[in-house]
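# Coordinate analysis (summary)
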Amino acid sequence: MAGQLREYRRRIRSVQSTKKITKAMELIAASRIAKARARVAAARPYAEEITRVIEAVASQTTISHPLTTEHAQATRAAVVVITSDRGLAGGYSSNALKRTNELIELLRSEGKSVELHVVGRKGVGYYRFRDRAIDGEYTGFSEQPSYGDAKSVADALISSFVAATEDGGVDEIHVVHTEYVSALTQTPVARRLLPMVLTETDQPPAGGPLPQYEFEPSAEAVLDALLPRYVESRLYAAMLESAASESAARQRAMKSATDNAEDLARSYTRLANRARQDAITQEISEIVGGANALASAS
């Protein structure tokens, strides 16, 4: 009985230590969510405005540009998937990877080969374990991405996009990331970055009439200059959304782990109390038995 009681007490101490760790990780993740959401809100106006300018160029001119013109027979596509560098975030990375595999199957069914770019150690480990070719690996910044991180990914994608297909270039660029909906809901989504999916409209934007632009030196030169900025801003926005989603998923996972640790500690405490009571009962029985034996002998 004494050995069993010691074992229960050891397990209680172990669970309580784990609970302290998961609680601390929960609080850290919660503090990062607000900061990540603030960065998403700060980056959104630039991304929306650059998209609006490109749509204006496309709607007010008749030029054919790779940024806005789909290939008649696209044969190769680049897919960027954003995952986490660390675990303990529930199904955050696995859901993004599942959505990526669905997109890859769709592209292949359309007769397109896929060039894969992976952000985050979890995604890199997933594809390496399955011996899948990875054309680009980017790690170390999933929780707190910077614009420079987005630019490094965008540079590789743009180089592939502007190159000829026969030279290893791509006709399309897709990104898979996790969209932050709420603290309880994060949804993996797949979007095509290039060529752009234009939404032309004659309705004036909120707060003013439909803008009229004059392009210098030419509309085509403007689109050439906006191409890298557009891809960088969209990737940066996707990384920020994913960072907020990762923190929210990790907070939820750590809260669940903390609650489970509390339940386990209570369960072990009840078992330890029962073992202690059994030990006391056994000792009393042995004392009474010994006293009765002495009384009978005398």
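## Looking at the layout of surface pockets
Its volume calculated, the largest pocket comes out at about 440 Å³. Lining the largest pocket are 19 residues, and of these His 177, Arg 191, Arg 234, Ala 237 and Ala 238 lie nearest its centre. Mapped by element, the contributors of at least two residues to the lining of the largest pocket are helix H1 (2–60), strand S4 (172–180), strand S5 (186–194) and helix H5 (219–297). Here the lining of the largest pocket gets six residues from one element, more than from any other, and that element is H5.

## Section: a nonpolar patch on the surface
Together, Ile 280, Ile 284 and Val 288 make up an exposed nonpolar region whose accessible area comes to about 240 Å². Inspection of the secondary structure puts Ile 284 in helix H5. According to the relative accessible area criterion, Ile 284 is partly exposed, its value standing at 47%.

## Points about the nonpolar core
Counting residues in hydrophobic clusters, the biggest one holds 38 residues, and the most contacted among them are Leu 194, Val 231 and Leu 235. Those elements that place two or more of their residues in this core are H1, strand S1 (76–82), helix H4 (147–162), S4, S5 and H5. Setting aside its immediate chain neighbours within four residues, Leu 235 contacts Ala 150, Val 153, Ala 154, Leu 157, Val 175 and Leu 193. By size, the runner-up hydrophobic cluster in this structure holds 14 residues, among which are Val 81, Ala 96, Ile 104 and Val 176.

## A look at the packing of aromatic side chains
Geometry of an aromatic ring pair is reported as the spacing of the ring centres plus the angle between the planes. Within this structure, the stated rule accounts for three aromatic pairs. Ring geometry for Tyr 126 against Tyr 127: centres 4.9 Å apart, planes inclined by 90 degrees, an arrangement best described as edge-to-face. Tyr 126 sits in the partly exposed class, given a relative accessible area of 21%. Seen from their ring centres, Tyr 147 and Tyr 236 are 5.4 Å apart, and the 70 degrees between their planes marks the pair as edge-to-face. Of the two residues, Tyr 147 is situated in helix H4 and Tyr 236 in helix H5; the sequence distance between them amounts to 89 residues. For Tyr 147, a relative accessible area of 29% translates into the label partly exposed. Under the relative-accessibility criterion, Tyr 236 is labelled buried at 14%.

## Some points on the environment of Lys 19
For Lys 19, the position within the fold is in helix H1. Of the residues examined, Lys 19 reaches a relative accessible area of 31% and is grouped as partly exposed. Lys 19 has contacts with Thr 258, Ala 261 and Glu 262, leaving out every residue within four places of it along the chain. There is a polar contact of 3.4 Å between the side chain of Lys 19 and the side chain of Glu 262.

## Describing the pattern of salt bridges
According to the stated counting rule, one finds 22 salt bridges in the structure shown. Note that Arg 44 is salt-bridged to Glu 241, the shortest N-O span being 3.8 Å. One end of the pair, Arg 44, is in helix H1; the other, Glu 241, is in helix H5, and 197 residues separate them in sequence. A relative accessible area of 34% places Arg 44 in the partly exposed class. The salt bridge partner of Arg 99 is Glu 102, with a shortest N-O separation of 3.7 Å. Of the two residues, Arg 99 and Glu 102 both sit in helix H2 (residues 92–109), three residues apart, roughly one turn of that helix. Since its relative accessible area comes to 26%, Arg 99 is described here as partly exposed. For Glu 102, a relative accessible area of 42% translates into the label partly exposed. Connected through salt bridges with shared partners, the residues Arg 32, Arg 86, Glu 143, Glu 246 and Arg 250 form a single ionic network.

Conventions adopted
Residues numbered from 1 in each chain as written. Predicted model: local features only at pLDDT ≥ 70, side-chain atom pairs only at ≥ 80, totals over all residues. Heavy atoms only, no water. 1 Å grid on protein atoms, 1.4 Å probe; cavity = no way out; pocket = protein on both sides within 12 Å on 5 of 7 lines; lining within 4 Å. Points joined across faces, edges and corners; volume = space filled by probe spheres on them. Helix = DSSP H or I, 4+ residues; strand = E, 2+ residues; numbered from the N terminus. Patch = residues over 30% accessible without salt bridge, like charges linked within 9 Å, V, L, I, M, F, W, Y side chains within 5 Å. Areas by Shrake-Rupley, 256 points an atom, 1.4 Å probe, with all protein chains shown as cover. Salt bridge = Lys/Arg side-chain N within 4 Å of Asp/Glu carboxyl O. Buried < 20%, exposed > 50% of the residue type's maximum accessible area, 1.4 Å probe, protein only. Core = buried A, V, L, I, M, F, W, Y, C linked by side-chain atoms within 4.5 Å. Contact = heavy atoms within 4.5 Å. Phe/Tyr/Trp six-rings, centres within 6.5 Å; stacked < 30°, edge-to-face > 60°. Polar contact = N/O pair within 3.5 Å; in protein donor to acceptor, adjacent residues only side chain to side chain.

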